Amino acid sequence: MINKTFKPKPYVLENEIQNYEWGQKGKDAFIPKLVNIEPEKDKPYAELWIGAHPKAPSRINGTGLDELIIEFPVEILGKNVASKFGNKLPYLLKVLSAGEALSIQAHPNKQQAVLLHKKDPQNYPDDNHKPEIAIALDSLTALVGFRKIDEIINVMIKYPEIADFAGNENVEFLKTSKDEKKSLKLFNSAILNRNETDKDALNFCLKNLQKRIEYKSDKTEEEKLFLELREKYSDDIGLFYIFLLNLIHLNPGQAVFLNAGIPHAYLKGNIIECMANSDNVVRVGLTPKFKDIPTLIEMLTYENGMVKILGDTSDKNKTIYTVPIPEFQIAKEKMEVGEVISIKNNRLEIILLIEGEIEINYT
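I will try to describe carefully the structure that is included in this document. (Residues numbered from 1 in each chain as written. Predicted model: local features only at pLDDT ≥ 70, side-chain atom pairs only at ≥ 80, totals over all residues. Heavy atoms only, no water.)

## A short note on the overall build of the protein chain
Working step 1: Broken down by element type, the protein chain carries 13 helices and 13 strands.
Working step 2: A compact globule built from 363 residues should have a C-alpha radius of gyration of about 21 Å, and the protein chain, at 22 Å, falls within 12% of that.
Working step 3: Over its C-alpha atoms, taken along the principal directions, the protein chain stretches across nearly 70 × 45 × 40 Å.
Working step 4: Taking contacts inside the protein chain between residues at least 6 apart in sequence as the whole, the part at least 24 apart equals 75%.
Working step 5: Accessible area of the protein chain: about 19,000 Å², with a carbon and sulfur share of 49%.
Working step 6: The positive charge centre, built from 47 side chains, and the negative charge centre, built from 53, are 2 Å apart in the protein chain. (Helix = DSSP H or I, 4+ residues; strand = E, 2+ residues; numbered from the N terminus. Rg over C-alpha atoms; globule rule 2.2 N^0.38 Å. Contact = heavy atoms within 4.5 Å. Areas by Shrake-Rupley, 256 points an atom, 1.4 Å probe, with all protein chains shown as cover. Lys, Arg positive; Asp, Glu negative; His and termini not counted. Charge placed at Lys NZ, Arg CZ, Asp CG, Glu CD.)

## Observations concerning the nonpolar core
Working step 1: Judged by nonpolar contacts, the single largest core of 54 residues is most densely connected at Met 156, Phe 187, Ile 191, Phe 226, Phe 240, Tyr 241 and Phe 243.
Working step 2: Of all the elements, helix α10 (residues 199-215) adds the most residues to this core, at 6 residues.
Working step 3: Sequence-distant contacts of Ile 191, that is, excluding residues within four places in its chain, are made with Phe 165, Ala 166, Ile 237, Phe 240, Tyr 241 and Leu 244.
Working step 4: Core analysis: the second largest hydrophobic core is formed by 33 residues, Leu 68, Ile 69, Leu 89 and Ile 325 among them. (Core = buried A, V, L, I, M, F, W, Y, C linked by side-chain atoms within 4.5 Å. Buried < 20%, exposed > 50% of the residue type's maximum accessible area, 1.4 Å probe, protein only.)

## Considerations on helix α9 (residues 180-197)
Working step 1: A rise of 1.5 Å per residue sets the reference length of α9, with its 18 residues, at 26 Å; its end C-alpha atoms lie 26 Å apart and thus fit the reference within 8%.
Working step 2: All of the buried residues in α9 are Ser 183, Leu 184, Phe 187, Asn 188, Ser 189, Ala 190, Ile 191, Leu 192 and Asn 195. (Expected span 1.5 Å × (residues − 1).)

## Focus on the packing of aromatic side chains
Working step 1: Tallying each qualifying case throughout the model produces 6 aromatic pairs.
Working step 2: Residues Phe 146 and Tyr 302 carry aromatic rings whose centres are separated by 6.0 Å and whose planes lie at 15° to one another, so their mutual orientation is stacked. Of this pair, Phe 146 sits in strand β7 (residues 132-146) while Tyr 302 sits in the loop between α13 (293-299) and β12 (318-321), placing them 156 residues apart in sequence. Tyr 302 matches Phe 146 in its accessibility class, with the two residues each being buried. (Phe/Tyr/Trp six-rings, centres within 6.5 Å; stacked < 30°, edge-to-face > 60°.)

## Comments concerning the packing of helix α6 (residues 149-158) against α9
Working step 1: It is at 12 Å that the axes of α6 and α9 come closest, and there the two elements cross at 35°. Crossing handedness for the pair α6 and α9: left-handed. Each of Ile 149, Ile 152 and Met 156 in α6 lies in contact with α9, whose residues at this interface are Glu 180, Leu 184 and Phe 187.
Working step 2: Taken together, the residues that form the contact of α6 with α9 break down as 5 nonpolar, no polar and 1 charged. (Axes fitted to C-alpha atoms, helices over the stretch in contact; angles between N-to-C directions. Left-handed = near helix turned anticlockwise from the far one by under 90°. Nonpolar A, V, L, I, M, F, W, Y, C, P; charged D, E, K, R; others polar.)

## Concerning the environment of Val 144
Working step 1: Here Val 144 is to be found in strand β7.
Working step 2: Separated by 64 residues in sequence, Val 144 and Asn 80 place their C-alpha atoms 34 Å apart.
Working step 3: Not counting residues within four places of it along the chain, the set of residues in contact with Val 144 comprises Leu 245, Asn 246, Ile 248, Val 256, Leu 258, Ile 262, Pro 263, His 264 and Val 307.

Read these as layout, nothing more, since geometry by itself doesn't imply function.
Below is the structure:
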């Protein structure tokens, strides 16, 4: 591409695939089917990145979208977006395909991201926050947010091994305190800090918890998940959080919005993700990757209760997913044969075709 002028018109983006180990593999892997490529044997296909993040920018005729935006910000983004977001594409669109559990993680807010990037740019590669929405394409099973306090207390009764590891005084404070966020932070901090200093106790409690669950004839979904992940992550503190976080299931078209400081882990399914343009992740468990427990303890919001499910599963032609941030808006649209839709926005829009064929004309 000659970098003298940039003519606004529809462009086909060449997008990179991330081959993280938890991605789907084999002939039924979702992303290879979506982009019409032959999957390599035993190669995981985890994420398709569509946007201008410098880690894996989309390309137009071989040139990175991030480079093009630097050179032609107003032409590509539109005047308003270029001005508001410092000549940068403010969002990143992904297709995420989970064949197995991702790490238990959370994302920093903007202020935290700036400090983390300055302190540790290797593990926090940019200075942006990462609020995100996950929209199920076929289904999504995930852990999202802390359960209600009374549910967590019941978990302590049902599984005393977790209560023992957290410390009886912290469990008691969780029961009696009127400050839910303070008591939940103290309880969570006790678990994570002891994980750092007493691995023998962690192994002992996990072993006894496994025995308790194995003896049961009628196991819950969480218990089955614990046993499954225990085989891979034998001494991981994240195994406790299977019982402390909300286990949710999304049907096609349903979504969940994750703001900064909400612990979560996608377990299985194919989704559309849209987020602020960032790759900052603070991990705590179910992963061999870098974990930052002190940072995670301080950055969680400690909200509790079931998360709000967005969207619906009806056969509506258009669903707009409203999110409380300015970086993006995302919509799902179903078009009939021969239908024409007019787009008149003076800003960059990315259209991701999941099924069928469309023709795009620019005037």
